[in-house]
Structure formats: C-alpha cells, structure tokens
Amino acid sequence: MNNVRPESMERIQTLAQAQAFIDAQIAEVRAQVGDKKVLLALSGGVDSSVVAALLIKAIGKQLVCVHVNHGLMRKDESENVIKLFREGLDANLIYVDATDRFLNLLAGVSDPEKKRKIIGAEFINVFADEARKLEGISFLAQGTIYPDILESIKQAEGKKAVKSHHNVGGLPEDLQFDLVEPIKLLFKDEVRVVGEALGLPHAMVYRQPFPGPGLGVRCLGAITRDRLHALREADAILREEFDNAGLNQKVWQYFVVVPDIKSVGVRNESRYEGWPAIIRAVNTTDAMSATIEEIPYAVLHKITARITNEVEGVNRVLYDLTPKPVGTIEWE
Ligand code: XMP
C-alpha cells in the first residue's frame, strides 16, 4: 500500500463498508507479516486502539502491544486500556508504568516546547527499552492516519507548525522495523466506523482527542505531583458532569487546565490558598480554529461545587471564553 489515497477509494461510512475494509486489511496484514511478530505502542487513543483490534483479529498473539503510562494520563485511563485489551480482547499487552521516569525529567521544566520534547523523547526511550527486551520482533505497527501523511507532506514543503505534536517514530537505529500501517489511508471519521465494526466500545471510538503529552500540557509551567493530581481529579469531575448533561455529544474537546498560581480562599472558616481550575470546552471541525460552547450555568455551577469541594488544593473554577484564534485549544 503506498501513501496516496486512490481517487477511486470509497469513503467508509457504513458498517458494511468498514467490514469489507477490515477483511481486506486482515488478508493484507497476514500476507505482509507471515508468522513474524509485530510491536505496537498502544496509547488507548482511537487510532492505536483500532490498529490493535484489527491486528488482533488478523494475527492474534503475534501482536505485542506496549502501553506506556507516562504519568500524564487522565484518571483511570491506563487501567481502562488494560481492562479492554487484556481482558476483553485477550491481547498480548505489556504495561509499563514509567511515571517516575517522566516526572523526574520534567521536574522544574516550565517551557511548553521543552516539556513536549522531553515527553516525546522519553516516550521513545521507554518504548525502545521495552522493544529491546523482546525477541523476534520484525514489524512495528503504527496508527498513522491520512491527515498525518498530509501534514508531513505540508511540513516537508516547509510550512511551520505552531506546536510540535509528537508521535512514535524516530526509533533508534538498532530498532528499525518494517512498518505495518493498516489505517494510513483513512480519515478520522472512517477510523471511527472501522472501530465500531471491530466491536470497540462506543465511548472509546468517539472519545475526544487527547494530546500525546497528555496532562503535561495542562498542568501549566513546571509540573508538580500535587498539582498534577488536582488537575486529574478536576478533569475527571468535568468529564463525568459533561457525560451526565449529554454535553459529551455536543462539545468536541473539553478539559481542565491548572496554572501555577494560587489565590486566597476560605474553607471551613479558615484561609484556604489554592489553584484555580480552568475549564476549556471548544467546538471545531479541524482544530485549526475553534469556538466556545455555551455551557448551561446549572452545569457550570455543579462542576464548580464539586471541584471546589472534592479536589484538594483547588479553590476556584474559571471558564475560558477565548476562541481560537486567538487562544490555541491547549494552553501550552
Ligand atoms: P492547539 O492547542 O494547537 O490544539 O490549538 C489543536 C489540537 O491538537 C491537540 N494538541 C496536541 N496533540 N500532541 C498532540 O498529539 C501535542 O503536543 C498537542 N498539542 C495540542 C489539542 O489537544 C487539540 O485537539
């Protein structure tokens, strides 16, 4: 399969079309891989999850998935990946909790691009360390999708990105594998239909985008464990309340940001200094520009009450009304 989507390729919109695609890919992957082993970095995002489910169907235990927890995942995220793939799909899955490696390297680093670089590079280091421990791996599977290919063509033409988004790729010389990229000609909406046809849970297939550096770019400035913990708890409350209010169907991306500032508050009749939790909820079609969703006050009140009552260290909740441009979607 080359890197250009043929004009004759139909847009995959129905489960029947997705099934035909899956059947064709299963045959193609089996022919490519034979009885060899394939390695996959499984983040739990839509793309890598769809590739994992597809390859499990095609080659079963010949697929070795590695899930690296960089300590910047959302609440329960790694646990859910393990549950779904190990228990649900009987995947050959290696779980690596690399929280300390990442957080130690990030300690004291406040520049967003430096943080991204550290996270991206360390991700490759951890993944490469795991790959070296394994024997007989011949292929590397990746959840590359068609917009990634179009984006790299743009960058090769010299257009500059505003932020450096990271992917696996760039593995060291001693770990050069042949690539298996079964969804590389698909657009995101097609990947989701394929995911549904593979039987992945709806919530996973339609989950909102989550950046590679994870909560690392939402715990603003130099990351500390206590502020990261507060951010994770506040974010979980926001997501739960958006689910309850049906806003998860209406808002493209929503999350909490916790800056490194403290203000004075009062709790239990005493002075209580804490961080603000900032809510960001945006709608967009292509992430290049974004508008602000009007969230009902009742929902914002409930979220505010819950976060300020339940999250240690947070004493205010703010709602970011800035569209993109001028603000980017993430704060860093
Ligand atoms: P911005 O902040 O640039 O975000 O308006 C646009 C979209 O990209 C996501 N984003 C990232 N994704 N690595 C990623 O994989 C990153 O470093 C990164 N930074 C931003 C962001 O969540 C939004 O969906």
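Note: the structure precedes this text.
Residues numbered from 1 in each chain as written. Predicted model: local features only at pLDDT ≥ 70, side-chain atom pairs only at ≥ 80, totals over all residues. Heavy atoms only, no water.

A. Spatial organisation of the site of the ligand. Lining the immediate surroundings of the ligand are 15 residues, of which R116, K163, K324, I329 and E330 lie closest. Between the ligand and the protein, one listed contact pairs an oxygen atom with a side-chain N or O atom of R116 at 2.6 Å. In this structure, an oxygen atom belonging to the ligand sits 2.7 Å away from a main-chain N or O atom of I329. Computed on the free molecule, the ligand has an accessible area of 490 Å², of which 89% lies beneath the protein chains in the complex. In terms of residue class, the shell around the ligand is made up of five nonpolar, six polar and four charged. (Near = heavy atom within 4 Å. Polar contact = N/O pair within 3.5 Å; in protein donor to acceptor, adjacent residues only side chain to side chain. Areas by Shrake-Rupley, 256 points an atom, 1.4 Å probe, with all protein chains shown as cover. Nonpolar A, V, L, I, M, F, W, Y, C, P; charged D, E, K, R; others polar.)

B. Structural view of the pattern of salt bridges. This model, assessed by the stated rule, comprises 25 salt bridges. Note that E122 and R101 form a salt bridge whose closest N and O atoms lie 2.7 Å from each other. Separated by 21 residues along the polypeptide, E122 in helix 5 (residues 112-133) and R101 in helix 4 (residues 99-106) bring together distant segments of the chain. On the basis of relative accessibility, which here comes to 7%, the residue E122 falls in the buried class. Relative accessible area serves as the criterion here: at 36%, R101 is assigned to the partly exposed category. Between R271 and E273 there is a salt bridge, and its shortest N-O distance comes to 2.7 Å. (Salt bridge = Lys/Arg side-chain N within 4 Å of Asp/Glu carboxyl O. Helix = DSSP H or I, 4+ residues; strand = E, 2+ residues; numbered from the N terminus. Buried < 20%, exposed > 50% of the residue type's maximum accessible area, 1.4 Å probe, protein only.)

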